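Chain and residue survey
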Amino acid sequence: MNLVFIVLNWNQYQKTITCLKSLISANRPSGWNIEIVVIDNASEDCSVEKIKEEFPQIKIMVSETNLGFAGGANMGLNYALSKEADIIGLLNNDIVVQEDFLIPFKRATETQKHWAAMAPLPERSNRKGYEYGWKWQKLWCRAVPLENQRKKGIYEAELIPGCALFFNSDALKEIGTFDEKFFLRFEDVDWFLRARKL
């Protein structure tokens, strides 16, 4: 199994370095090949130099202009697809993963044969609960939060938090990458709405 992690950075190398340290320290499932790639979205600070200095083994792709979240993410997603990744992980740079977070994910991929995207259960930054995902209300054109799904283990949501996403590369090829009209925010909502039409 080939997994490529994509982490976007824009003028926040401290957060990105913390995220990368947690990723590198995570336990890797047996038989999984994992690559970590940083996409720098035309940072104006010393981000690229600082990240290279800390992690010379990590590939950094630098955009000449700020492509926004969707454009930067697509740069990484297209790279991962070109490398024939089976799964692509897209993480916000302020995410810190738990050491064993890939173990239940591996089990999930073995039991869920047909999936487009999965996400771990992210704890809110204010420590007040978790992001469980949302149900889309077509009539009102809005997302309604799902409540307290934690005890259910694996469950289905129409929209899931975009801060830490795993894409099935076969589904990504069929649905497409993010719509770059969404420079920042709602690119994930648009993607999941497109996925539901298939």
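Keep in mind that this is a model prediction, so the values were computed, not measured.

1. Overview of the overall build of the protein chain
Helix and strand counts for the protein chain stand at six helices and eight strands. For the protein chain, the N- to C-terminal ordering of α and β elements is β-α-β-α-β-α-β-α-β-β-β-β-α-α. Accessible area for the protein chain stands at about 11,500 Å²; split by element, carbon and sulfur atoms hold 49% of it.

2. Examining the nonpolar core
In this structure, Phe-5 and Phe-166 are the most contacted members of the largest nonpolar core, which totals 30 residues. Those elements that place two or more of their residues in this core are strand S1 (2-9), helix H1 (13-25), strand S2 (33-40), strand S4 (87-91), helix H4 (102-111) and strand S8 (164-168). No other element matches the five residues that H1 contributes to this core. Ranked by size, the runner-up nonpolar core spans 29 residues in total, among them Ile-39, Ile-88, Ala-157 and Ile-175.

3. Here we look at the sheet that holds S2
Strand order across the open sheet formed by six strands is S3-S2-S1-S4-S8-S5, with mixed pairing between neighbours. Because the sheet does not close on itself, it has two edges, and the strands there are strand S3 (59-62) and strand S5 (117-118). Here S5 runs beside S8; their pairing, made up of two bridges, is antiparallel. Among the inter-strand pairings, Ala-117 is bridged to a residue of S8, identified as Phe-167.

4. Side note on a negative patch on the surface
A surface patch of like charges, here negative, comprises Glu-84, Asp-86, Asp-170 and Glu-174. Structurally, the position occupied by Glu-174 is in helix H5 (residues 169-175).

5. Brief notes about the packing of H1 against helix H2 (residues 47-54)
With their axes 10 Å apart at the nearest point, H1 and H2 run at an angle of 25° to one another. Considering the angle they form, H1 stands roughly parallel to H2. Handedness of the H1/H2 crossing: right-handed. Counting all contacts with H1, which are made through Tyr-13, Thr-16, Ile-17, Leu-20 and Lys-21, the residues of H2 involved are Ser-47, Lys-50, Ile-51 and Glu-54. The residue inventory of the contact of H1 with H2, partitioned by class, reads four nonpolar, two polar and three charged.

6. Some remarks on the pattern of salt bridges
All chains considered together, the criterion is met by four salt bridges. The closest approach of N and O atoms between Glu-54 and Lys-21, which form a salt bridge, is 3.7 Å. Placement of the pair is Glu-54 in helix H2 and Lys-21 in helix H1, with a sequence separation of 33 residues. Of the charged contacts, one joins Arg-194 and Asp-190 as a salt bridge, the two residues approaching to 3.1 Å between their closest N and O atoms. Residue Arg-194 and its partner Asp-190 are both found in helix H6 (residues 187-196); the two are separated by four residues, about one turn of the helix.

7. Focus on the pairing of S4
Counting buried positions along S4 gives five out of five residues, so the element sits mostly inside the fold. In S4, alternate side chains face the same way, and those of Ile-87, Gly-89 and Leu-91 on one face and Ile-88 and Leu-90 on the other are all buried. Note: S1 against S4, five bridges, orientation parallel. Across the sheet, residue Val-7 finds its bridge partner in S4, namely Leu-91. Bridge count for S4 against S8 is five bridges, and the pairing is antiparallel. When the sheet's bridge partners are listed, Leu-90 is paired in S8 with Leu-165.

Analysis parameters
- Residues numbered from 1 in each chain as written.
- Predicted model: local features only at pLDDT ≥ 70, side-chain atom pairs only at ≥ 80, totals over all residues.
- Heavy atoms only, no water.
- Helix = DSSP H or I, 4+ residues; strand = E, 2+ residues; numbered from the N terminus.
- Areas by Shrake-Rupley, 256 points an atom, 1.4 Å probe, with all protein chains shown as cover.
- Core = buried A, V, L, I, M, F, W, Y, C linked by side-chain atoms within 4.5 Å.
- Buried < 20%, exposed > 50% of the residue type's maximum accessible area, 1.4 Å probe, protein only.
- Pairing = 2+ DSSP bridges.
- Patch = residues over 30% accessible without salt bridge, like charges linked within 9 Å, V, L, I, M, F, W, Y side chains within 5 Å.
- Salt bridge = Lys/Arg side-chain N within 4 Å of Asp/Glu carboxyl O.
- Lys, Arg positive; Asp, Glu negative; His and termini not counted.
- Charge placed at Lys NZ, Arg CZ, Asp CG, Glu CD.
- Axes fitted to C-alpha atoms, helices over the stretch in contact; angles between N-to-C directions.
- Parallel < 35°, antiparallel > 145°, perpendicular 65-115°, else oblique.
- Left-handed = near helix turned anticlockwise from the far one by under 90°.
- Contact = heavy atoms within 4.5 Å.
- Nonpolar A, V, L, I, M, F, W, Y, C, P; charged D, E, K, R; others polar.

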